[in-house]
Each structure stands twice: as structure tokens, then as C-alpha cells.
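# A look at the structure
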Amino acid sequence: FLLGASVAALPLLLGSSPSLLAAPGLRGRLALALHVAGVNAALLLIYPRPLYKIAVRACFLGFAFGCGLLLSAGRSAWRHFGWYMCSLSLFHYSEYLVTAINNPRSLSLDSFLLNHSFEYNLAALSSWVEFTLEKLFFPELKQITWLSTVGLLMVIFGDCLRKAAMLTAGSNFNHIVQNEKSDTHTLVTSGVYGWFRHPSYVGWFYWSIGTQVLLCNPICVVGYALASWRFFRERIEEEEITLIHFFGEEYLEYKRKVPSGLPFIKGVKLEL
């Protein structure tokens, strides 16, 4: 990740300002191409094939983070998109990193969540298209710095809450809902789990909406809020059925005391 992020140092090497890479000429494009090629060659030499697949993904995310820093440091109209690039790349890299710390047995390439789902990728693409079109036709809409700052704070809060939930849950956390209880599986109710029953989902919910507030994407703000709410409502109901099966009355008591954390989502309803 750090090797990829070193692209942020290119302006220093070229003796130019960060804006050179925000709207690069031939020299800027050539520098980017050489950086990518050189880093990829180094990874191929250092790592065997299985580890290379991990390293190249981490490096790609670091590269996106470094490019985001360059855009953020410049004064171009793409500055807020640079904030978004940093937020998005750091979110996906930290998903893998925290999983490696917490639950290495469940670690895989999917832990980056880069291939989360077709819907997730479509949502990301839609936000990029909306930002670009509105930047072309309504450029003043993308220069509302105070609104982008609010979005950035939402992103930071959401990501920190999610990672705090992952670290608190430890080996109990898994990106995939578990259908069988392991010997080490325990019900976590301390830390951020004392605030919300599903803090990782709460964090992701506000992180995803925050990315669109950051980009000043009015259409995607509404679309992300509705799509995320529906996804987490169904996911929480599915997960709570499993948790009730695992922990019985212990989870039911926890459910009565602690809210889900997401608006208008009560969780699975039990017939009395």
C-alpha cells in the first residue's frame, strides 16, 4: 500500500506542483506510467504468485490513495474527488488489514471487498458518472466546500466506527454471515457493541452516504441512502436469526436492551 501511495512524491521528483498530475501533460502521464510499471515489476520480483495477488491489490489501493492526495493538494475542481479517492481506497485496504489482524483464518482476496457485489460496483460507477456530468454542466455544485467537509467527517466517523467494531469483535467478526457456530464464537456486547447491536453496519451505512455528500452528488445521496438501508435491513434480519440460534435467550436479552443503530430498523421480529 505504501509503495503504491509513493506516487504522491512524484511532483517532488519532477520539480512541479501537485496540479501537474491533476491535469497531466506528457511528462506527468509518462511519470505515472513508469511508476506503475516499476512498482509492478518490483512486486513480481519480491513476491511469489499467491502473495503477489494480495500485494498488487494493496499496491493498487495505495496508488489510488496517492493520486487522491495529489488531487486534494491541488486547487483544481477535482479536489473533492481526491478526498473521495483517499476515503475509498483507505476503506478497502483497511478492511483487509484489520481482518488480517483479527481473524487471519478467514483472510482471502475477498477481504479487500473490491468484488463485494455487482450492485456495489454499479453504485460506485454511478457516483463517478454523476460527479463527472454535474461537474461539466453544474460546476458550481461541486465547489461547496462546507458540504464536502461534512461528507468527509461522515466518512471518517463511519469508517472509524466500523473498524472499531471489527477490532472489538476480534475473531468473531467475519465478512460472511456464519451459519455454524464455532468453538470460539462468543456474543460481544462491550465497547461499541454496547452502543449498537450492529456497529459495523452502522459505520458502513454512514460511510457510504458520506462519500456522496462529500462528492455533492444529490441523486446518489438519495439512492445510496435507500439502497443501503434496504440492504442492511435484510442483512440484519438474516444475521439475527443466526445469532438467536447461536445464543438463544442471551441474544434476545441483548436485543431488547441495545438498538440496532440504524434508523427504523428493529431487526428480526419474533412471533410470540
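For the chain, the name recorded in an unreviewed UniProt entry is Protein-S-isoprenylcysteine O-methyltransferase, with Loxia leucoptera as its organism. If you open the UniProt record of the chain and go to Catalytic activity (unreviewed entry), you find "[protein]-C-terminal S-[(2E,6E)-farnesyl]-L-cysteine + S-adenosyl-L-methionine = [protein]-C-terminal S-[(2E,6E)-farnesyl]-L-cysteine methyl ester + S-adenosyl-L-homocysteine". In its Function (unreviewed entry) section, the UniProt entry covering the chain states "Catalyzes the post-translational methylation of isoprenylated C-terminal cysteine residues."

For the rest of this paragraph, the subject is the overall build of the chain. Along the backbone of the chain there are 11 helices and 0 strands. The secondary structure elements of the chain, listed N-terminal to C-terminal, are α-α-α-α-α-α-α-α-α-α-α. Its C-alpha atoms give the chain a radius of gyration of 21 Å, within 12% of the compact-globule value 19 Å for 272 residues. Judged by the C-alpha coordinates and their principal axes, the chain covers about 70 × 50 × 30 Å.

Here we take up the pattern of salt bridges. Scanning the model with the defined rule gives 10 salt bridges in all. Note that Lys 163 is salt-bridged to Asp 159, the shortest N-O span being 2.5 Å. Highlighted residues: Lys 163 and Asp 159, both in helix α8 (residues 145–169), separated by 4 residues, approximately one helical turn. Neither Lys 163 nor Asp 159 differs from the other in exposure class; each is buried. Each of Glu 95, Asp 159, Arg 162 and Lys 163 takes part in a single network of salt bridges with overlapping partners.

On to unusual backbone geometry. Despite not being glycine, Leu 113 has its phi angle at roughly 60°, a positive value. Summarising the element assignment, Leu 113 is placed in the loop between α6 (79–102) and α7 (118–137). Here Leu 113 falls in the buried class, since its relative accessible area comes to 6%.

Next up on the list: the side chain of Lys 163. A residue is classified by how much of its surface remains accessible, and Lys 163, at 10% relative accessible area, is buried. Those residues in contact with Lys 163, other than ones at most four positions away along the chain, are Phe 91, Ser 94, Glu 95 and Val 98.

Grouped together as the largest cluster of nonpolar side chains are 48 residues, with contacts concentrated most on Tyr 193, Trp 204, Trp 207, Tyr 251 and Leu 262. Within the residue set of this core, elements represented by two or more residues are α4 (26–46), α5 (49–73), α6, α7, α8, α9 (199–214), α10 (218–247) and α11 (249–257). Looking at this core, the element that brings in the most residues is α9, giving 8 residues. Contact partners of Trp 204, with chain neighbours within four places excluded, come to Phe 91, Leu 113, His 116, Tyr 120, Gly 158, Arg 162 and Phe 232. Residues Leu 61, Cys 86, Tyr 96 and Phe 112 belong to the second largest nonpolar core, which totals 8 residues.

Here, the residues flagged by UniProt with the feature "transmembrane region" (unreviewed entry) are residues 32–47, 54–75 and 204–227. Between the end C-alpha atoms of residues 54–75 the distance is 34 Å, and the span holds 91% helix and 0% strand. Secondary structure content for residues 204–227 is 88% helix and 0% strand, while the C-alpha to C-alpha distance between its ends is 12 Å.

Next up on the list: α8. Taking 1.5 Å as the rise per residue, α8 with 25 residues should run 36 Å; its terminal C-alpha atoms sit 36 Å apart, in good agreement. Where α8 is concerned, the buried positions are Ser 148, Gly 151, Val 155, Gly 158, Asp 159, Leu 161, Arg 162, Lys 163, Ala 165, Met 166 and Ala 169. Phi for Gly 170, located one or two positions after α8, is positive at around 60°.

This brings us to the state of the cysteines. In the structure shown here, the tally under the stated rule is 0 disulfides. Free cysteine: Cys 67, not disulfide-bonded; nearest cysteine sulfur from Cys 86 at 9.4 Å. Residue class for Cys 67 comes out buried when judged on its relative accessible area of 16%.

Thresholds applied
- Residues numbered from 1 in each chain as written.
- Predicted model: local features only at pLDDT ≥ 70, side-chain atom pairs only at ≥ 80, totals over all residues.
- Heavy atoms only, no water.
- UniProt positions renumbered as here; feature names shortened; annotations may be inferred.
- Helix = DSSP H or I, 4+ residues; strand = E, 2+ residues; numbered from the N terminus.
- Rg over C-alpha atoms; globule rule 2.2 N^0.38 Å.
- Salt bridge = Lys/Arg side-chain N within 4 Å of Asp/Glu carboxyl O.
- Buried < 20%, exposed > 50% of the residue type's maximum accessible area, 1.4 Å probe, protein only.
- Contact = heavy atoms within 4.5 Å.
- Core = buried A, V, L, I, M, F, W, Y, C linked by side-chain atoms within 4.5 Å.
- Expected span 1.5 Å × (residues − 1).
- Disulfide = S-S within 2.5 Å.

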